[in-house]
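# Summary of the model geometry
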Amino acid sequence: MTSVAAKVAVIGSGISGAVCASTLAKNGISVTLFESARGPGGRMSQRREMTEDGKELCFDHGAPYFSASNPDVLRLICEWQSKGLVAEWKEKFAAFDCASKQFLEIEEEGLDKKYVGVPGMNSICKSLCQEPGVQSRFGVGVGRLEWLDNEDSWKLIGLNGESLGYFKGLVTSDKSTFSPRFTNVTGKPVPIDMGKFPEIPLKMTEIPVNPCFALMLAFEEPLPEIPIRGFSFKSSKVLHRAFCDSSKPGRSRNSECWVLHSTAEYAQEVIARTGLQKPTNATLTKVAEELFQEFQSTKLSIPQAFFKKAHRWGSAFPATSIAGDEKCLWDAKKRLAVCGDFCVSPNVEGAIISGLTAAAKCCEVLCRL
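About the criteria used
Throughout this document, residue positions are counted from 1 along each chain, in the order its sequence is written. Thresholds applied to this predicted model are a pLDDT of at least 70 for local features of residues and 80 or more for the giving and counting of side-chain atom pairs; totals over whole chains, interfaces and linings are not thresholded and use all residues. The basis for the side-chain values is all heavy atoms of the structure; hydrogens and waters are excluded. A fitted line through C-alpha atoms represents every axis, and for helices the fit uses only the stretch in contact; the resulting angles, taken between N-to-C directions, go from 0 to 180 degrees. We count a stretch as a helix when DSSP gives it H or I for four or more residues in a row; a strand needs E for two or more, and each element gets its number in order from the N terminus. In this scheme the handedness of a crossing depends on how the near helix is turned from the far one: anticlockwise by less than a right angle means left-handed, clockwise means right-handed. Residue contacts are counted whenever heavy atoms from the two residues lie within 4.5 Å of one another. Amino acids are sorted into nonpolar (Ala, Val, Leu, Ile, Met, Phe, Trp, Tyr, Cys and Pro), charged (Asp, Glu, Lys and Arg) and polar (every other residue, Gly among them). Note on pairing: two strands pair once DSSP finds at least 2 bridges between them. Pairing of aromatic side chains here covers Phe, Tyr and the six-membered ring of Trp, requires ring centres within 6.5 Å, and sorts the geometry by plane angle: under 30 degrees stacked, over 60 edge-to-face, intermediate tilted. Put simply, a charge is over a ring when the Lys NZ or the Arg CZ is close to the ring centre, within 6 Å, and near the line of the ring normal, within 35 degrees.

## A short note on the packing of helix α1 (residues 15-26) against helix α8 (residues 348-366)
Contact geometry for α1 and α8: axes closest at 8 Å, N-to-C directions at 35°. Classified by chirality, the crossing of α8 by α1 is right-handed. Counting all contacts with α1, which are made through I15, S16, V19, C20, T23 and L24, the residues of α8 involved are V348, A351, I352, S354, G355, L356, A358, A359, C362 and C363. Within the contact of α1 with α8, the residues separate by chemical class into 12 nonpolar, 4 polar and no charged.

So, in C-alpha cells, the structure goes:
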C-alpha cells in the first residue's frame, strides 16, 4: 500500500472544498483534491462562451457575489483582496415589481459590502487549488469511498474503477456523496457504504434544495431603462433575480452581459417534466426562451440579445443547513468530514465557514497521529 502519512483527500473544488484544502496545506498536510468537472469553482464557477463571430463572453452563472460578517471570513477576504483575487462590487440593488413595472426598495449607499472574484467568481477557487501542498485532479470523479479498518485509512476508487490512492483523512463537500441523487444522475451506486455511517446519510437526505435555471444574455449596447445593476423580481413566477455581470470590477465592457436566475418553482416544474439527468439542448433552448420572454414582459425595453443560453443548477442551492453549531459533519474515529454551505448557511460565507471548520477538525486529529 502507498504511504498515507498526513494525506487527506478532498472531494469537490467549490469554495468550501477549496478553502478546506488550502487551509490543510498551510498546516503541513498533503492534500489531493478531486473534482469531476473540468475546473474549480462549483457554484462559483465562471462560464466562458464563444460566439459565432469569435467574441468571448464570460458569465458568473452561479453565485453572483457574496457578503460576509464572520471575522475569519473577513480576514480571508482581506487576504484575497491583497492578492487581487477579490474586489468590492459597489452597486446598489433593488427589487422590480412585475405588476406595477417599477423598481422598489432601492438599497441605501454602503449598506452591505458585496464582493466578487476578479476577473471571475472562480478566481478564488482557482488560486486556492493551485497553492503549494494541494494536488488538484480535475475531470476525475470519485465512484467509491472505502474505509479500511485494518489499514486505518480511506481508499478512493474512480468512476472508471481506477484506484485513486489511500488517505488518512477524507473531506467531502459534495452533497451527492451520501445521497441517492448520485445514482439518479450517474446511474451508479452511492459512493459510500451508508450503513457504516448511519447518522451522516440520515442528515444528508434531509437537505431540501432549490433548483434553478440561469439564463446568460449578451447585448450589443447597455440597457438604458435599467438603472440598477442587480435586482430581484416581485410578482413573477418565472424570474427570481437579475445581475449585470459586465458591471462588476475586472470584467470586459465590450458587451452588456446579464445573468438571470429563475424561481425555484419554475425550475421544479421543468425538472418534474424532464427528470434529473442532464437536460437536453431542446429543454435548455425552451427554458432560455421562456425566461427571456418573462424578462421582456417587464416593459423595460429589452432588445433582442445576440447571445442567449440557459444552464441548470439541479441541487446547488440548499434550502436549509444541517450541522448547526458544529458547522460541519464529523466522524473523528474515521477522520471523515462533510462540509459545505448546506452545513452552516446556504450562501458563500456559510460554505467558507464550513470548509474552515472541517480543516480544523482534520488538523487537530492528524497532528496527534
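## Quick look at the sheet that holds strand β15 (residues 230-234)
Spatial strand order, β7-β6-β15-β16-β17-β14-β18: 7 strands in an open sheet with mixed pairing. The outermost strands of the open sheet, each flanked by one partner alone, are β7 (102-104) and β18 (307-313). When the angles between neighbouring strand axes are averaged without regard to direction, this sheet yields 25°. Note that β15 and strand β16 (residues 239-244) share 3 bridges and pair antiparallel. Its bridge partner lying in β16, S232 is registered against R241. Along the sheet face, helix α6 (residues 264-274) touches β14 (212-219), β17 (256-262) and β18 and points at about 110° away from the line of β14. This element, helix α7 (residues 281-296), spans β14, β15, β16, β17 and β18 of the sheet and lies at about 70° to β14.

## Some words on the packing of aromatic side chains
Inspection of every chain in the model, using the stated rule, returns 18 aromatic pairs. Ring plane angle 90° and centroid distance 6.1 Å describe the contact between F34 and F167, whose orientation is recorded as edge-to-face. You can see F34 sitting in strand β2 (residues 30-35) and its partner F167 sitting in strand β12 (residues 163-167), a full 133 residues away along the chain. Taken together, a centroid distance of 5.0 Å and an interplanar angle of 65° make the contact between F96 and F103 edge-to-face. Feature note: the residues F96, F103, F231, F233, W258 and F295 constitute an aromatic cluster, connected by ring pairs. Lying over the aromatic face of F167, K7 brings its terminal NZ or CZ to 5.2 Å of the ring centre.

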